[in-house]
Amino acid sequence: MFEAVTEAMAARMRALEDIDSADRSDGTPHAKRLRQVSPETGRFLAILAAGAPAGNCVEVGTSAGYSALWLSLACRARGDVLVTIDRDPDKMALAEETLRLTGTGDVVRLARGDALEILAGFDDVAFAFVDANRDVLLPCAQLLVDRLVPGGILTADNVISHAHEIPGVVERILADPRLDGVVVPIGSGVLLARRVGERR
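Because the structure is predicted, anything quoted here is derived from the model rather than measured.

Undergrad: Any chance you could explain the pattern of salt bridges here in plain terms?
TA: Pairing between side chains of opposite charge can happen when the charged atoms of each approach one another. One pass over the full model with this rule turns up ten salt bridges. The salt bridge involving Arg 12 is made with Glu 97; its shortest N-O contact spans 3.4 Å. In this pair, Arg 12 sits in helix α1 (residues 7–23) while Glu 97 sits in helix α4 (residues 89–102), placing the two residues 85 residues apart along the sequence. For Arg 12, a relative accessible area of 10% corresponds to the buried category. Measuring nitrogen to oxygen at the nearest pair gives 3.1 Å for the salt bridge that ties Asp 90 to Lys 32. Taken as a pair, Asp 90 in helix α4 and Lys 32 in the loop between α1 and α2 (39–50) lie far apart in primary sequence, 58 residues in all.

So this is what it looks like as C-alpha coordinates:
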(Lines give C-alpha, C1' and ligand atoms only; values in the text may rest on other atoms or scores of the structure.)
Protein backbone atom coordinates (compact mmCIF):
# COMPACT_ATOMS: atom_id res chain seq x y z
CA MET A 1 0.00 0.00 0.00
CA PHE A 2 2.66 2.53 0.95
CA GLU A 3 4.55 1.78 -2.23
CA ALA A 4 1.64 3.54 -3.97
CA VAL A 5 2.73 6.93 -2.57
CA THR A 6 3.53 8.91 -5.70
CA GLU A 7 6.17 11.61 -6.00
CA ALA A 8 3.38 14.20 -6.06
CA MET A 9 1.87 12.79 -2.85
CA ALA A 10 5.24 12.66 -1.11
CA ALA A 11 6.00 16.25 -2.12
CA ARG A 12 2.64 17.50 -0.87
CA MET A 13 3.02 15.57 2.38
CA ARG A 14 6.43 17.16 2.98
CA ALA A 15 5.06 20.61 2.20
CA LEU A 16 2.16 20.19 4.62
CA GLU A 17 4.47 18.77 7.29
CA ASP A 18 6.66 21.87 6.95
CA ILE A 19 3.65 24.20 7.23
CA ASP A 20 2.33 22.29 10.25
CA SER A 21 5.72 22.46 11.97
CA ALA A 22 5.99 26.20 11.32
CA ASP A 23 2.41 26.78 12.53
CA ARG A 24 3.33 25.32 15.90
CA SER A 25 6.22 27.72 16.48
CA ASP A 26 5.61 30.97 14.58
CA GLY A 27 2.61 32.34 16.45
CA THR A 28 -0.03 31.26 13.94
CA PRO A 29 -3.41 31.47 15.73
CA HIS A 30 -4.62 28.07 16.91
CA ALA A 31 -7.69 28.06 14.69
CA LYS A 32 -5.57 28.75 11.61
CA ARG A 33 -3.00 26.02 12.24
CA LEU A 34 -3.17 22.83 10.19
CA ARG A 35 -3.02 20.70 13.35
CA GLN A 36 -2.54 17.53 11.34
CA VAL A 37 -1.49 14.05 12.43
CA SER A 38 2.10 12.88 12.52
CA PRO A 39 3.41 10.75 9.63
CA GLU A 40 3.47 7.65 11.84
CA THR A 41 -0.14 8.26 12.84
CA GLY A 42 -1.05 8.63 9.16
CA ARG A 43 0.50 5.26 8.39
CA PHE A 44 -1.22 3.68 11.39
CA LEU A 45 -4.63 4.98 10.29
CA ALA A 46 -4.07 3.79 6.72
CA ILE A 47 -3.29 0.27 7.92
CA LEU A 48 -6.41 0.23 10.08
CA ALA A 49 -8.58 1.51 7.25
CA ALA A 50 -7.16 -0.99 4.78
CA GLY A 51 -8.09 -3.84 7.12
CA ALA A 52 -11.59 -2.60 7.98
CA PRO A 53 -14.63 -4.59 6.83
CA ALA A 54 -16.72 -3.60 3.82
CA GLY A 55 -18.52 -0.29 4.18
CA ASN A 56 -18.07 3.47 4.05
CA CYS A 57 -14.94 5.36 5.11
CA VAL A 58 -15.32 8.80 6.69
CA GLU A 59 -13.09 11.43 8.26
CA VAL A 60 -14.18 14.35 10.44
CA GLY A 61 -11.71 17.22 10.26
CA THR A 62 -10.07 17.53 6.85
CA SER A 63 -7.74 20.47 7.47
CA ALA A 64 -5.42 20.62 4.42
CA GLY A 65 -6.00 16.97 3.53
CA TYR A 66 -2.84 15.45 5.01
CA SER A 67 -4.48 12.52 6.79
CA ALA A 68 -6.82 12.11 3.82
CA LEU A 69 -3.75 11.42 1.68
CA TRP A 70 -2.76 8.54 3.94
CA LEU A 71 -6.32 7.24 4.04
CA SER A 72 -6.59 7.55 0.26
CA LEU A 73 -4.00 4.78 -0.01
CA ALA A 74 -6.27 2.45 1.94
CA CYS A 75 -9.34 3.49 -0.01
CA ARG A 76 -7.61 2.92 -3.33
CA ALA A 77 -6.57 -0.55 -2.18
CA ARG A 78 -10.12 -1.23 -0.95
CA GLY A 79 -11.82 0.18 -4.03
CA ASP A 80 -13.63 2.72 -1.84
CA VAL A 81 -13.95 6.48 -1.50
CA LEU A 82 -13.13 8.48 1.64
CA VAL A 83 -15.61 11.20 2.56
CA THR A 84 -13.82 13.86 4.59
CA ILE A 85 -15.77 16.59 6.38
CA ASP A 86 -14.79 20.11 7.38
CA ARG A 87 -16.51 23.48 7.65
CA ASP A 88 -13.50 25.84 7.50
CA PRO A 89 -13.50 27.37 4.00
CA ASP A 90 -9.79 28.27 4.09
CA LYS A 91 -8.76 24.75 5.02
CA MET A 92 -11.13 23.22 2.51
CA ALA A 93 -9.45 25.35 -0.17
CA LEU A 94 -6.11 23.89 0.92
CA ALA A 95 -7.60 20.39 0.83
CA GLU A 96 -8.90 21.00 -2.69
CA GLU A 97 -5.38 22.01 -3.67
CA THR A 98 -4.00 18.86 -2.03
CA LEU A 99 -6.35 16.64 -4.04
CA ARG A 100 -5.56 18.49 -7.25
CA LEU A 101 -1.78 18.34 -6.81
CA THR A 102 -1.78 14.67 -5.84
CA GLY A 103 -4.43 13.31 -8.19
CA THR A 104 -6.39 11.77 -5.33
CA GLY A 105 -9.76 13.36 -6.06
CA ASP A 106 -11.04 10.05 -7.42
CA VAL A 107 -10.81 8.39 -3.99
CA VAL A 108 -11.38 11.38 -1.68
CA ARG A 109 -14.58 13.41 -1.62
CA LEU A 110 -14.73 16.69 0.31
CA ALA A 111 -17.92 17.39 2.24
CA ARG A 112 -18.39 20.96 3.47
CA GLY A 113 -20.58 21.64 6.45
CA ASP A 114 -21.51 20.62 9.97
CA ALA A 115 -20.11 17.17 10.77
CA LEU A 116 -23.05 16.09 12.92
CA GLU A 117 -25.53 16.93 10.18
CA ILE A 118 -23.49 15.16 7.52
CA LEU A 119 -22.79 12.08 9.64
CA ALA A 120 -26.50 11.73 10.37
CA GLY A 121 -26.93 10.86 6.70
CA PHE A 122 -24.38 8.05 6.78
CA ASP A 123 -24.87 4.33 7.30
CA ASP A 124 -22.75 1.20 7.07
CA VAL A 125 -19.56 2.89 8.26
CA ALA A 126 -16.52 0.59 8.14
CA PHE A 127 -13.86 3.08 9.20
CA ALA A 128 -14.10 6.51 10.82
CA PHE A 129 -11.44 8.96 11.91
CA VAL A 130 -12.37 11.94 14.08
CA ASP A 131 -9.80 14.75 14.20
CA ALA A 132 -11.98 17.76 14.92
CA ASN A 133 -12.51 20.25 17.74
CA ARG A 134 -12.69 18.45 21.05
CA ASP A 135 -16.22 19.68 21.80
CA VAL A 136 -17.63 17.55 18.97
CA LEU A 137 -15.61 14.39 19.68
CA LEU A 138 -18.23 12.71 21.86
CA PRO A 139 -21.32 13.54 19.75
CA CYS A 140 -19.49 12.50 16.59
CA ALA A 141 -18.37 9.25 18.20
CA GLN A 142 -21.89 8.51 19.42
CA LEU A 143 -23.34 9.08 15.96
CA LEU A 144 -20.67 6.94 14.37
CA VAL A 145 -20.99 4.00 16.77
CA ASP A 146 -24.67 3.77 15.83
CA ARG A 147 -23.61 3.55 12.16
CA LEU A 148 -20.63 1.20 12.37
CA VAL A 149 -20.92 -2.18 10.69
CA PRO A 150 -19.92 -5.21 12.79
CA GLY A 151 -16.15 -5.08 13.02
CA GLY A 152 -16.15 -1.43 11.97
CA ILE A 153 -13.39 0.78 13.34
CA LEU A 154 -13.68 4.15 15.07
CA THR A 155 -10.55 6.23 15.67
CA ALA A 156 -9.94 9.66 17.18
CA ASP A 157 -6.78 11.75 17.50
CA ASN A 158 -5.30 13.86 20.32
CA VAL A 159 -6.79 11.82 23.14
CA ILE A 160 -3.52 11.86 25.12
CA SER A 161 -2.13 15.29 24.21
CA HIS A 162 -5.48 17.02 24.83
CA ALA A 163 -6.90 14.75 27.51
CA HIS A 164 -7.44 17.75 29.78
CA GLU A 165 -9.85 19.24 27.22
CA ILE A 166 -12.04 16.12 27.02
CA PRO A 167 -12.45 14.96 30.63
CA GLY A 168 -14.36 11.68 30.79
CA VAL A 169 -14.98 11.50 27.03
CA VAL A 170 -12.57 8.68 26.24
CA GLU A 171 -13.79 6.76 29.26
CA ARG A 172 -17.40 7.07 28.08
CA ILE A 173 -16.53 5.83 24.61
CA LEU A 174 -14.50 2.91 25.93
CA ALA A 175 -17.32 1.98 28.32
CA ASP A 176 -19.78 1.53 25.44
CA PRO A 177 -20.65 -2.20 25.45
CA ARG A 178 -20.85 -2.17 21.65
CA LEU A 179 -17.13 -1.42 21.41
CA ASP A 180 -13.80 -3.00 22.19
CA GLY A 181 -11.33 -0.16 22.53
CA VAL A 182 -7.91 1.00 23.61
CA VAL A 183 -5.87 4.21 23.61
CA VAL A 184 -2.75 3.80 21.49
CA PRO A 185 0.26 5.99 22.43
CA ILE A 186 1.17 6.93 18.88
CA GLY A 187 1.52 10.57 17.79
CA SER A 188 -0.79 12.65 19.99
CA GLY A 189 -2.64 9.56 21.19
CA VAL A 190 -5.18 7.67 19.12
CA LEU A 191 -8.39 6.17 20.44
CA LEU A 192 -9.01 2.90 18.60
CA ALA A 193 -12.34 1.12 18.99
CA ARG A 194 -13.97 -1.76 17.11
CA ARG A 195 -17.69 -2.43 16.86
CA VAL A 196 -18.58 -5.83 18.34
CA GLY A 197 -21.77 -7.82 17.94
CA GLU A 198 -24.58 -7.26 15.50
CA ARG A 199 -26.39 -3.96 14.91
CA ARG A 200 -30.01 -3.71 15.98
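Undergrad: What am I meant to see in the packing of α1 against α4 here?
TA: Helix-helix packing is characterised by the crossing angle of the two axes and by the distance between the axes. At a minimum axis separation of 8 Å, α1 and α4 run at an interaxial angle of 150 degrees. Accordingly, the angle class assigned to the pair α1 and α4 is roughly antiparallel. Between α1 and α4, the residues in contact are Ala 8, Met 9, Arg 12 and Leu 16 and Leu 94, Glu 97, Thr 98, Leu 101 and Thr 102, respectively. Here the contact of α1 with α4 is built from residues that sort into five nonpolar, two polar and two charged.

Undergrad: What's the story with the nonpolar core in this structure? I'm lost.
TA: General note: in soluble globular proteins, nonpolar side chains tend to be found buried as a group. Ranked by internal contacts, the top residues of the largest apolar core, which has 37 residues, are Phe 44, Leu 71, Leu 82 and Phe 127. Breaking this core down by element, the ones donating at least two residues are α1, α2, α3 (66–78), α4, β3 (108–112), β4 (125–130), β5 (148–156) and β7 (190–195). Broken down by element, this core gets its largest block of residues, eight residues, from α3. Counting 29 residues, the second-largest nonpolar core is a separate cluster that includes Val 83, Ala 141, Val 169 and Leu 179.

Undergrad: Is there a simple way to explain α4 in this structure?
TA: Count 3.6 residues to each turn of an α-helix, and residues three or four apart come out pointing the same way. Between its terminal C-alpha atoms α4 stretches 20 Å, which fits the 20 Å expected from 14 residues at 1.5 Å a residue. By the burial criterion, the buried members of α4 are Lys 91, Met 92, Ala 95, Thr 98, Leu 99 and Thr 102. Angular distribution of buried residues about the axis of α4 spans 110 degrees; they occupy a single face of the element. Facing away from the buried side of α4, by more than 90 degrees, are the exposed residues Pro 89 and Arg 100. N-cap assignment for α4: the residue whose side-chain oxygen lies 2.9 Å from the backbone N of Asp 90 is Asp 88. Of the residues one or two after α4, Gly 103 is the one with positive phi, at around 65 degrees.

About the cut-offs
Residues numbered from 1 in each chain as written. Predicted model: local features only at pLDDT ≥ 70, side-chain atom pairs only at ≥ 80, totals over all residues. Heavy atoms only, no water. Salt bridge = Lys/Arg side-chain N within 4 Å of Asp/Glu carboxyl O. Helix = DSSP H or I, 4+ residues; strand = E, 2+ residues; numbered from the N terminus. Buried < 20%, exposed > 50% of the residue type's maximum accessible area, 1.4 Å probe, protein only. Axes fitted to C-alpha atoms, helices over the stretch in contact; angles between N-to-C directions. Parallel < 35°, antiparallel > 145°, perpendicular 65-115°, else oblique. Contact = heavy atoms within 4.5 Å. Nonpolar A, V, L, I, M, F, W, Y, C, P; charged D, E, K, R; others polar. Core = buried A, V, L, I, M, F, W, Y, C linked by side-chain atoms within 4.5 Å. Expected span 1.5 Å × (residues − 1). Arc of directions from axis to C-beta. Polar contact = N/O pair within 3.5 Å; in protein donor to acceptor, adjacent residues only side chain to side chain.

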